[in-house]
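Chain and residue survey
In case you want the letters, here they are:
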Amino acid sequence: MDIRYKALSVHLLTATGAVLSMFAMLAAVEGKWSLMFLWLVFALFVDGIDGPLARRYDTHSNWPIYDGDLMDLIVDFLTYVFIPAYALFKSGLLDGWTGWLAMIAIVYGSVIYFSDTRMKTQDKSFSGFPACWNMVVLVLFAVAPSQWVTLFIVITLTIAMFLNLKFIHPTRTMRWRSVSVTMSLAWVVFAGWAAWVNFAEGTWAHWGLVVTSIYLISAGILQQIVPSRRRP
């Protein structure tokens, strides 16, 4: 196949995220949270493979009439931010004003973060928490902490979007990459498992989500604390 059409196929793959987000939203409106998260996990998987494919087939050069970066941001805002914020608000995990505060903080802070030109660091990590609310909210559904713990987590991570803290990109941050990729794949498996069993208590998926989430959140900060021994 001509490489130009391979590049086009990557754009079309990225665009499927919009369809998956619609499926997730329809499930959310009906209160089918497990089904919603299954669609979001599927969308996360697509998001994880379209980037490497885009770089492999150089979509910027081989099919430049479509802006893959813009397309990716549109889909990411739907799947990473908008739908998870809706789910957190409507699910009952947060009541009254706490739900309103969390929802507004997530969508308002995230749209500002997404437009920040300093989002990426030199080592392909993220500067500030990268608004991965789909992952955060899924873990909150699985673990079901108290209302105040949930609100604390949401507000803390919202503030962290604008702090000088590094968060790894699971596939592009080279340092500890093999561990990061393994942890990311494990997170997807645990997330799919938890959603498939309707977040039933007592499954290993809960512990797996907690362990892998702690790594994914803290790895970049640990890399800031412990500098690499490699010379530039």
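The preceding data block contains the structure.
Residues numbered from 1 in each chain as written. Predicted model: local features only at pLDDT ≥ 70, side-chain atom pairs only at ≥ 80, totals over all residues. Heavy atoms only, no water.

Another point: the packing of helix 2 (residues 33–56) against helix 6 (residues 133–143). Two elements in contact, helix 2 and helix 6, have axes separated by 11 Å at closest approach and are oriented at 145°. For the pair helix 2 and helix 6, the sense of crossing is left-handed. Across from Trp 33, Phe 37, Val 41 and Leu 44 in helix 2, the residues of helix 6 making contact are Asn 134, Met 135, Val 137, Leu 138 and Phe 141. Classifying every residue of the contact of helix 2 with helix 6 by side-chain character gives 8 nonpolar, 1 polar and no charged. (Axes fitted to C-alpha atoms, helices over the stretch in contact; angles between N-to-C directions. Helix = DSSP H or I, 4+ residues; strand = E, 2+ residues; numbered from the N terminus. Left-handed = near helix turned anticlockwise from the far one by under 90°. Contact = heavy atoms within 4.5 Å. Nonpolar A, V, L, I, M, F, W, Y, C, P; charged D, E, K, R; others polar.)

So, on to helix 9 (residues 204–225). For helix 9, which comprises 22 residues, the first-to-last C-alpha distance of 31 Å matches the rise-based estimate of 32 Å (1.5 Å per residue) to within 8%. Those residues of helix 9 not exposed but buried are Ala 205, His 206, Gly 208, Leu 209, Thr 212, Ser 213, Tyr 215, Leu 216, Ala 219, Gly 220 and Gln 223. Considering only its buried residues, helix 9 is in contact with helix 6, strand 2 (166–167) and helix 8 (177–196). (Expected span 1.5 Å × (residues − 1). Buried < 20%, exposed > 50% of the residue type's maximum accessible area, 1.4 Å probe, protein only.)

This part takes up the pattern of salt bridges. Here the structure, examined in full by the defined rule, presents 4 salt bridges. For Asp 2, the salt bridge identified is with Arg 4, shortest N-O distance 3.1 Å. Residue Asp 2 is classed as partly exposed on the basis of its relative accessible area of 32%. Residue Arg 4 is classed as partly exposed on the basis of its relative accessible area, which comes to 42%. Notably, a salt bridge pairs Asp 123 with Lys 166, separated by 2.8 Å at the nearest N-O pair. On the criterion of sequence distance, the pair formed by Asp 123 in the loop between helix 5 (96–114) and strand 1 (126–127) and Lys 166 in strand 2 is long-range, its members being 43 residues apart. Residue classification places Asp 123 among the partly exposed residues on the basis of a relative accessible area of 29%. Classification of Lys 166 as buried rests on a relative accessible area of 12%. (Salt bridge = Lys/Arg side-chain N within 4 Å of Asp/Glu carboxyl O.)

Counting along an α-helix, one turn takes 3.6 residues, and residues three or four places apart therefore face a common direction. The first and last C-alpha atoms of helix 5 sit 28 Å apart over 19 residues, in line with the 27 Å expected at 1.5 Å per residue. Residues of helix 5 that are buried include every one of Thr 98, Gly 99, Ala 102, Ala 105, Ile 106, Gly 109, Ser 110, Tyr 113 and Phe 114, and no others. Seen along its axis, helix 5 keeps its buried residues to an arc of 135°; they face one direction. Residues of helix 5 that are exposed and point more than 90 degrees away from the buried face comprise Gly 96, Trp 97 and Tyr 108. Against helix 4 (68–90), strand 1, helix 6 and helix 7 (147–160) lie the buried residues of helix 5. (Arc of directions from axis to C-beta.)

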